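Chain and residue survey
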Amino acid sequence: MWKARKRLRNIAAIAMGVIAMAALTGCDANLLVFDSKGPVAAEIESLIWISILLCAVIVIPVIGLFAFIVWRYRDKPGNKAPYKPDWSHSTTLETIWWGIPIVIIILLGFFTVRTTYALVEPPKDTKAEPITIQVTSLDWKWLFQYPDLGIATVNYLHIPEDVPIQFVMTSDAAMNSFWVPQLAGQMYTMPGMAMRMWVQADEPGVFSGKGANFSGEYFERMQFNVVSQTESEFNNWVAESKKSTQTLDQAAYAKLSEKNTMGEQTFGSMDQNLFAQIVLKNGGHHHPNNGLDIRGQFPLHGTDSDGADHSGGSADGNHDMSNMNHDMSDKDMHK
C-alpha cells in the first residue's frame, strides 16, 4: 500500500513537471510558422520539421537515458545495478555518440543549403509575372514602394494571390528584420544594402508582418498587415490608391523618416529614384552593369548586363496587371 502511494506520487510529480514545462515555454497555439500560406513559407516549414525530427533523434534518447540512469543507479539498499569503478573506455559507445551527431549535422547542413539556394529563385510552378516591392525600414515604420505601379504605402501592403513578389529591402535607420511568418522567412534590412527576398501567397487573406529585430524605443510598433487579394480586387486597390493626392517625393520622405510612429498611409505617386537614393546615401554601391547593387540573383527591376529592361512596368510607372499570367520565359529568370 505504501509503495503504491509512492509510485502514484512519483507519477503525479512527473506529470506536473511536463505540464509546467509546456506552460512555461512562452508559446501559444497560434504558431504561424507552422501555418504556411505560400510556397516559400511551405519550404521553410518543411526545413523546420526536418530539423526538429533530426534533433529529436538525439534529444529523445539522451533524455530517456538520463532518466533511466538516474533511476537504475540511484542509491538505495539492495540495488543490484552493475558497479564498474575501473571502466574507462568503450570503442562501441564512442562510435555511437560521435557517429550519430556527425551524420545528423551533415544531414542538417545538406537540407539547409538546399533550401537556402532554392529560396534565392522565384517560386516554381507559377507563370505569373512577378511584382517588385521596395521595402525601407524607418524609425519606427515600414515604407513599401511599388516601382512597377508608381504607388507607395506605409505600414501596410497589398499583393495579388498566386503571384511571386520580389521584395528588395534596405534600412534608413537601425538594422531591422522583415518577417511575414505565414509567407516567408526573415530577411535583415540594413543601411547601404539592398537585399532580395521572394514571397508568394496562395490564397486571399490578411497576414501579419513585423520587425523581428530590436531597433529602438518603439520597435514593437513596427507591425503591418499583408493583404492578399484576387487579381481583380488587387487591381481595384491599385486604381483606388492612385487617386490619392499624396506624392512620395523628397519632401514627403524627409518628413516620413523622422523618428516617430504613425498609422497606415497611401501615396498615389512616387519618386522612382527614391529607393536607390536611400541605399546609396547610406554607403550602397552601383553595380557596374546593373545600376544599384542588389544582393541576390534574378534581377527583375532595371536593366542587366545585356541591356534588357526587366522593370515590368511602363515608362509612366504603370503596371499592366492584365499580363499577370505572362509566361516567365525571360532568360534572366532561368539563369
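Residues numbered from 1 in each chain as written. Predicted model: local features only at pLDDT ≥ 70, side-chain atom pairs only at ≥ 80, totals over all residues. Heavy atoms only, no water.

Strand order across the open sheet formed by five strands is E4-E10-E9-E6-E7, with mixed pairing between neighbours. At either margin of the open sheet sits one strand with a lone partner, and together these are strand E4 (156–160) and strand E7 (186–189). Neighbouring strand axes in the sheet, compared pairwise and without regard to direction, differ in orientation by 25 degrees on average. Pairing of strand E9 (residues 205–211) with strand E10 (residues 223–229) involves six bridges; the strand directions are antiparallel. Along E10, the bridge assignment pairs Ser-208 with Asn-225. The sheet contacts of helix H4 (residues 231–241) involve E4 and E10, and relative to E4 the element is tilted by about 140 degrees. (Pairing = 2+ DSSP bridges. Helix = DSSP H or I, 4+ residues; strand = E, 2+ residues; numbered from the N terminus. Axes fitted to C-alpha atoms, helices over the stretch in contact; angles between N-to-C directions. Contact = heavy atoms within 4.5 Å.)

Remark: a regular strand shows side chains that alternate across the two faces of the sheet. The element strand E1 (residues 131–138) is extensively covered by neighbouring structure, given that eight of its eight residues are classed as buried. Of the two faces of E1, the one carrying Ile-131, Ile-133, Val-135 and Ser-137 and the one carrying Thr-132, Gln-134, Thr-136 and Leu-138 are both buried. In terms of strand pairing, E1 meets strand E5 (residues 165–171) through seven bridges, oriented parallel. Bridged to Ser-137 within E5 is Ser-171. By the bridge criterion, five bridges tie E1 to strand E2 (residues 141–146) in an arrangement that is antiparallel. In the sheet register, Leu-138 faces E2, and the bridge partner there is Lys-141. Between E1 and E2, which pair antiparallel and follow one another directly, the connecting turn spans two residues. (Buried < 20%, exposed > 50% of the residue type's maximum accessible area, 1.4 Å probe, protein only.)

Bringing helix H2 (residues 39–72) into the picture now. With 34 residues, H2 should cover 50 Å at 1.5 Å per step; its first-to-last C-alpha distance of 49 Å lies within 8% of that length. Taken as a whole, H2 carries its principal kink of about 35 degrees at Ala-56. All buried positions along H2 are accounted for by Val-40, Ala-41, Glu-45, Leu-47 and Leu-54. Check the buried side of H2 and you find it contacts helix H3 (91–118) and strand E8 (194–199). (Expected span 1.5 Å × (residues − 1). Bend = angle between axes of the 7 residues up to and from the residue.)

Here the structure, examined in full by the defined rule, presents five salt bridges. Bridged by salt links that share partners, the residues Asp-35, Lys-37 and Glu-203 form one connected network. (Salt bridge = Lys/Arg side-chain N within 4 Å of Asp/Glu carboxyl O.)

Quick look at a nonpolar patch on the surface now. Taken together, Val-57, Trp-87, Leu-93, Ile-96, Trp-97, Trp-98, Ile-100, Ile-102 and Ile-106 make up a surface patch of nonpolar side chains, about 930 Å² in accessible area. Element by element, the count of residues in the nonpolar patch is highest for H3, at seven residues. The residue Ile-106 is located in helix H3 in this model. (Patch = residues over 30% accessible without salt bridge, like charges linked within 9 Å, V, L, I, M, F, W, Y side chains within 5 Å. Areas by Shrake-Rupley, 256 points an atom, 1.4 Å probe, with all protein chains shown as cover.)

Of note, the bond from Asp-139 into Trp-140 is cis; its omega dihedral lies within 30 degrees of zero at -10 degrees. The phi dihedral of Asn-155 is positive, around 65 degrees, even though this residue is not glycine. By the element assignment, Asn-155 lies in the loop between strand E3 (151–154) and E4. Even without being glycine, Asp-162 reaches a positive phi, approximately 60 degrees. With respect to the helices and strands, the residue Asp-162 is situated in the loop between E4 and E5. Assessed through its relative accessible area of 36%, Asp-162 is described here as partly exposed.

The next thing to look at is the environment of Ala-212. In this fold, Ala-212 is placed in the loop between E9 and E10. Among the residues examined, Ala-212 registers a relative accessible area of 34% and is labelled partly exposed. For Ala-212 and Asn-176, which are 36 residues apart along the polypeptide, the C-alpha to C-alpha distance reads 6.8 Å.

Function cannot be read off these values alone, since they describe shape.
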